[in-house]
Amino acid sequence: MSAGGGPARTGTGAERPDGPLLRAEELRHSYGGRTVLDLELLEVAAGEIVAVLGPNGAGKSTLFRLLLLLEAPDRGRILLGGRPLRSGDTAARRRLAGVFQRPWLFSGSVAMNVAFGLRARGVGAAERRARVAEALGWLGVAELAEAPVHTLSGGEAQRVALARALVLRPELLLLDEPTAGLDIAVRRSFREDVERAVRAHAGGAVLITHDAADAFAVADRVAVLEEGRLTQMGTPAALAAAPASTFVAAFTGQELLLHGTVETVDPDGLLRVLTSGGVRLLAPPPAAAEPPGTHAAEPPRAGAAVHVAYRPEDVALAAGHEEAPSSVVNRFPVRVAAVTPAGPLVRVRLEGPLPLVALLTRQSAERLALVPGVHAEARLKAAALRTFPA
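Anyway, here's the lowdown on the structure attached to this text.

How each quantity is defined
Residues numbered from 1 in each chain as written. Predicted model: local features only at pLDDT ≥ 70, side-chain atom pairs only at ≥ 80, totals over all residues. Heavy atoms only, no water. Helix = DSSP H or I, 4+ residues; strand = E, 2+ residues; numbered from the N terminus. Buried < 20%, exposed > 50% of the residue type's maximum accessible area, 1.4 Å probe, protein only. Contact = heavy atoms within 4.5 Å. Lys, Arg positive; Asp, Glu negative; His and termini not counted. Charge placed at Lys NZ, Arg CZ, Asp CG, Glu CD. Polar contact = N/O pair within 3.5 Å; in protein donor to acceptor, adjacent residues only side chain to side chain. Pairing = 2+ DSSP bridges. Salt bridge = Lys/Arg side-chain N within 4 Å of Asp/Glu carboxyl O. Axes fitted to C-alpha atoms, helices over the stretch in contact; angles between N-to-C directions. Parallel < 35°, antiparallel > 145°, perpendicular 65-115°, else oblique. Left-handed = near helix turned anticlockwise from the far one by under 90°. Expected span 1.5 Å × (residues − 1). Arc of directions from axis to C-beta.

In this section: the overall build of the protein. Helix and strand content of the protein: 10 helices and 21 strands. Principal axes of the C-alpha set define a box for the protein whose edges measure 75 × 45 × 40 Å. The burial tally for the protein puts 50% of its 390 residues in the buried class. The contacts in the protein between residues at least 6 apart in sequence include a share of 68% that link residues at least 24 apart. When the 43 positive and 41 negative side-chain charges of the protein are each reduced to one mean point, those points stand 4 Å apart.

Have a look at this one:
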């Protein structure tokens, strides 16, 4: 692994730089006097895919345009392989390639589109044809080489746009919401194509997205942007296990419990929280943020207002007479309000002193005979909860 946390390889076979492939530091950019991006540090290792995840208005598109050198930042610098990049630098732009949310294909055939960058760089006709055919093959659309672009489906057009970028063998590939216009079935297969092709044929990549499913399926690490600032960065597993804010928790599939107040802090650091519904919970303190450049919350003290979150799959349900393991300290009675299918699982909405949602296997739901009106006991380990300053 590299110092930046990513794989120590490059898809293009280029020699790995001593430092990170990409380093963007102290980037600040404003529009109309309003700061839309204030990024302390973002690094991408050679061979790594980093997803920048955030909602609309978080500054993701601005970051995309700055990294692709379409605009110059008000402050800060961008380095690729240790060399500074500047907006308008043609030589620097040739080291990069971008795929936009809309494919923006030119009129003409698929092959003409994919060959465009190669022609601009003076690559000969024979080599162009060979490289275009190869790139289309990477994305599974080789049979579309002579097809007019206006006949393509959305998924086909986006694959052609990706082939047009990858045929240049960029040191860094930038993708801005590449699955946003695709339906669910096409999006799933496109994610797989993106990951496979990018890892094999680009030195590294930055994926800009508002879709956590895209980020978690494709990226080695995820950088979460909130209101232009990087609030957490880590592997998908690390973010899911220890989100640094309610915003990150929501993106990683966690549910928010009622607000509460810290009553005491145990010697081992666990918080005893009294929720607004009158239920007491034992929960860990907020997770520390990492790496440098993200923002950690101060540990809460007695009397502090907090939010508590959980993952529905961590809610265990049992009949009232079943003995609970000694590790389960959070237990309270609930009533089943609704049971709905959720793919291979069952989603159970629960009423009680704390409203909860549980995700169970079908076998577990059938064993407990869970139907609306059934009473049960909900059990949550303290380690399964997450707390955040309110």
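Still to come is the rest of the account.
Structurally, Arg-191 is set in helix α6 (residues 184-201). Judged by relative accessible area, Arg-191 falls into the buried class, the value being 14%. At 2.4 Å, the side chain of Arg-191 and the side chain of Asp-214 are in polar contact. Sequence-distant contacts of Arg-191, defined by excluding residues within four places in its chain, comprise Asp-211, Ala-213, Asp-214, Ala-217 and Val-218.

Here 9 bridges tie strand β1 (residues 22-31) to strand β2 (residues 34-44), and the two strands are oriented antiparallel to one another. Residue Ala-24 lies in a different strand from β2, and its bridge partner there is Leu-42.

This part is about the pattern of salt bridges. Going through the model one piece at a time under the given rule, you end up with 27 salt bridges. When the shortest N-O distance is used, the salt bridge between Arg-77 and Glu-25 registers 2.4 Å. Of this pair, Arg-77 sits in strand β4 (residues 75-80) while Glu-25 sits in strand β1, and the two are 52 residues apart along the sequence. Of the residues examined, Arg-77 reaches a relative accessible area of 42% and is grouped as partly exposed. Between Asp-38 and Arg-28 there is a salt bridge, and its shortest N-O distance comes to 3.1 Å. In this pair, Asp-38 sits in strand β2 while Arg-28 sits in strand β1, placing the two residues 10 residues apart along the sequence. Among the charged side chains, a network of salt bridges with common partners joins Glu-26, Arg-28, Asp-38, Glu-40, Arg-75 and Arg-229.

Let's shift gears to the packing of helix α3 (residues 110-120) against helix α4 (residues 125-138). Geometry of a packed helix pair, given as the angle between the helix axes and the separation of the axes. Between α3 and α4, the shortest axis-to-axis distance is 9 Å and the interhelical angle comes to 120°. By the angle between their directions, the pair α3 and α4 is classed as oblique. Seen from above, α3 lies across α4 with right-handed handedness. For the pair α3 and α4, contact is made by Val-110, Ala-111, Val-114, Ala-115, Leu-118 and Arg-119 and by Arg-128, Arg-131, Val-132, Ala-135 and Leu-136, respectively.

Here we come to α4. Over its 14 residues, α4 extends 20 Å from the first C-alpha to the last, a length consistent with the 20 Å expected when each residue adds 1.5 Å. Along α4, the residues that are buried comprise Arg-128, Arg-131, Val-132, Ala-135, Leu-136 and Trp-138. Along the axis of α4, the buried residues cluster in a sector spanning 145°; they form a single face. Exposed residues on α4 whose side chains face more than 90 degrees from its buried face are Ala-126 and Arg-129. As for α4, its buried residues are in contact with α3, α5 (154-166) and α6. At the C-terminal side of α4, Gly-140 shows a positive phi close to 75°.

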